[in-house]
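Tertiary structure, described
Here's the letter readout for the chains.
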Amino acid sequence: MHHPPLPSRPAEFLCLHGRQSSLVIEWHADEAPLWRYWGPRLADGSTPGVALRDTRPLPSFMLDFDQPLSVLPGFGVGWFGQSALLAHRAGRDFSLAFHRCEVAWQEPGRAFALHLHDDTARLAATLHVALCPASDMLTMRTELKNEGDTPLDVQWLAAATLPLPAHADTVRSHAGQHNHEFLAQTDRLTRSTWRRENRRGRTSHDCHPSAVVTTPGATLDTGLVYGAHLAWSGNHQQSIEWLHDGQYQWQLGEWLAPGEVLLAPGATLQTPEVMATLSTEGCNGLAANFHAELRRRLPWPDGVMKPRPVHLNTWEGLYFDHQLPELLALADAAAEVGIERFVLDDGWFQGRHHDRAGLGDWWADPSKYPDGLAPLAQHVVARGMEFGLWFEPEMVNPDSELYRAHPEWSLRLE
């Protein structure tokens with residue numbers, strides 16, 4: 001029997017510390033780095049001290065070489081959990097075994113990149129890892145490069161693979177539909193895989209790209225909880241899977257349709273970013289971390305969010321029946337009661353007399369606005385309000401000038 005070679009390089013530990021959290025990754029230069037810890041903050045300078053395999057006996061009837069959870073677990077080398085990559089070249093090069101890894105610190109103590117190489121499958125992957133000390137937000141994303149001379153058919157590439165503790169007990173997510181959004185769902189974590197997928201091609205009400213994992217006794221304000229959000233508005237997939245050493249792995253990434261990604265030789269596939277965090281102060285503490293990270297990222301003038309204006313939207317009042325005198329009167333009434341933003345909704349553009357025509361023709365309908373939108377916009381601004389305009393750039397109706405001129409631009413079944 002062939003025995004996989006034991007790693008020959010000594011273990012080093014990559015540690016990042018936030019305000020309330022820490023992560024520790026065990027790095028060997030000749031394999032994919034191993035997850036050692038993601039949890040409540042450790043003391044500065046803390047490390048496991050010894051390599052993981054030196055502390056774990058091999059279970060009976062298992063491989064002679066231990067395969068712990070790595071940052072990018074691969075199919076075909078004794079890892080029987082979900083792989084972070086599922087790909088092949090016409091049925092070949094489907095196994096993934098990284099045998100070289102370099103670490104590049106991008107910001108000492110805060111961010112690094114792991115460069116992994118599989119010369120047999122002719123693949124290279126780069127995993128970007130960063131932990132913001134202020135928000136405790138861990139951000140991760142993965143890049144995959146095809147270094148072969150034939151295309152690579154990619155079925156799945158995880159943006160991040162995260163470890164969860166053995167005592168994690170529930171996962172909370174949201175389902176719903178239009179006008180019945182964000183229905184809270186709570187599922188028990190067991191040995192069965194928890195999985196959510198969105199295949200609608202855009203953000204949906206029934207499958208949000210995020211979840212919260214709790215531990216026993218966690219409440220809104222106390223206890224250890226974990227959260228992750230895939231920063232992506234298209235198809236997505238996430239799963240939480242029990243592992244045989246008792247912990248869980250959590251993977252998030254873009255859901256790929258069959259044949260969607262055929263990676264050309266030399267090309268690179270980049271995943272969306274995963275934002276993940278944990279809190280020992282319950283779900284509200286977790287939410288505060290996400291809020292702090294969002295505020296840190298948004299480019300507000302002078303670093304301060306503008307107060308949200310009170311606005312009036314014309315849709316329920318007028319639907320498609322736009323008549324300028326009525327709109328001017330509505331704007332006057334809005335200003336009198338303190339409305340700060342007046343939003344002209346659906347029905348203003350060319351041919352938009354019902355919901356089966358006009359999408360794509362984004363200019364004012366002359367039968368409703370013979371002088372364009374300027375008279376209404378100027379009237380609104382003169383009353384001290386902002387003027388907002390609704391449109392839906394990703395949609396098109398077959399009954400539109402745009403579609404008739406360029407039907408090949410539309411995504412449709414034939």
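Preceding this section is the structure that the text describes.
The structure reproduced in this document is the subject of the present report. (Residues numbered from 1 in each chain as written. Predicted model: local features only at pLDDT ≥ 70, side-chain atom pairs only at ≥ 80, totals over all residues. Heavy atoms only, no water.)

So, about the overall build of the protein chain. Scanning the protein chain from terminus to terminus reveals 5 helices and 22 strands. For the protein chain, the C-alpha atoms occupy an extent of roughly 85 × 50 × 40 Å along the three principal directions. With 414 residues in all, the protein chain has 45% of them scored as buried. A separation of at least 24 residues holds for 60% of the contacts in the protein chain among residues at least 6 apart in sequence. Averaging the locations of the 33 positively and 51 negatively charged side chains of the protein chain gives two centres separated by 3 Å. (Helix = DSSP H or I, 4+ residues; strand = E, 2+ residues; numbered from the N terminus. Buried < 20%, exposed > 50% of the residue type's maximum accessible area, 1.4 Å probe, protein only. Contact = heavy atoms within 4.5 Å. Lys, Arg positive; Asp, Glu negative; His and termini not counted. Charge placed at Lys NZ, Arg CZ, Asp CG, Glu CD.)

We now examine the side chain of Asn 289. Along the polypeptide, Asn 289 turns up in helix H1 (residues 282-297). If we skip the residues at most four places from it in the chain, Asn 289 touches Arg 19, Ser 135, Asp 136, Met 137, Thr 277, Leu 278 and Ser 279.

Let us look at the sheet that holds strand S3 (residues 34-40). Each strand in a sheet pairs with its neighbour through backbone hydrogen bonds, running either in the same direction (parallel) or in the opposite one (antiparallel). Spatially, 3 strands are ordered S1-S2-S3 in an open sheet, and the strand pairing comes out antiparallel. Since the sheet does not close on itself, it has two edges, and those belong to strand S1 (12-17) and S3, each with one partner. On average, each strand axis in the sheet is inclined to that of its neighbour by 15°, with strand direction left out of account. (Pairing = 2+ DSSP bridges. Axes fitted to C-alpha atoms, helices over the stretch in contact; angles between N-to-C directions.)

Another aspect to go through is the sheet that holds strand S21 (residues 341-344). The parallel open sheet is built from 3 strands, whose spatial order is S20-S21-S22. Every other strand in the sheet has two partners, leaving strand S20 (311-313) and strand S22 (386-389) as the edge strands with one partner each. Adjacent strand axes in the sheet meet at a mean angle of 20° when their direction is disregarded. Looking at chain direction, S21 and S22 are connected through 4 bridges and run parallel. Of the residues in S22, the one forming a bridge with Arg 341 is Glu 386. Strands in contact with helix H3 (residues 324-336) are S20 and S21; relative to S21, the strand with the most contacts, it is inclined by about 155°. Contacting S21 and S22, helix H4 (residues 374-382) runs over the sheet at an angle of about 145° to S22.

Where two aromatic rings form a pair, the distance of their centres and the angle of their planes describe that pair. Applying the stated rule across the entire model yields 11 aromatic pairs. With a centroid separation of 4.8 Å and 80° between ring planes, the pair formed by Trp 315 and Tyr 319 is classed as edge-to-face. When its relative accessible area of 23% is taken as the criterion, Trp 315 is described as partly exposed. Judged by its relative accessible area of 41%, Tyr 319 is partly exposed. Here Trp 315 and Phe 320 contribute two aromatic rings whose centre-to-centre distance is 5.2 Å and whose plane-to-plane angle is 80°, an arrangement assigned as edge-to-face. Among the aromatic residues, those joined into a cluster by ring pairs are Trp 348, Phe 349, Trp 362, Trp 390 and Phe 391. In this structure, Arg 191 is placed above the aromatic ring of Trp 242, and the distance from its NZ or CZ to the ring centre is 3.8 Å. (Phe/Tyr/Trp six-rings, centres within 6.5 Å; stacked < 30°, edge-to-face > 60°. Lys NZ or Arg CZ within 6 Å of the ring centre and 35° of its normal.)

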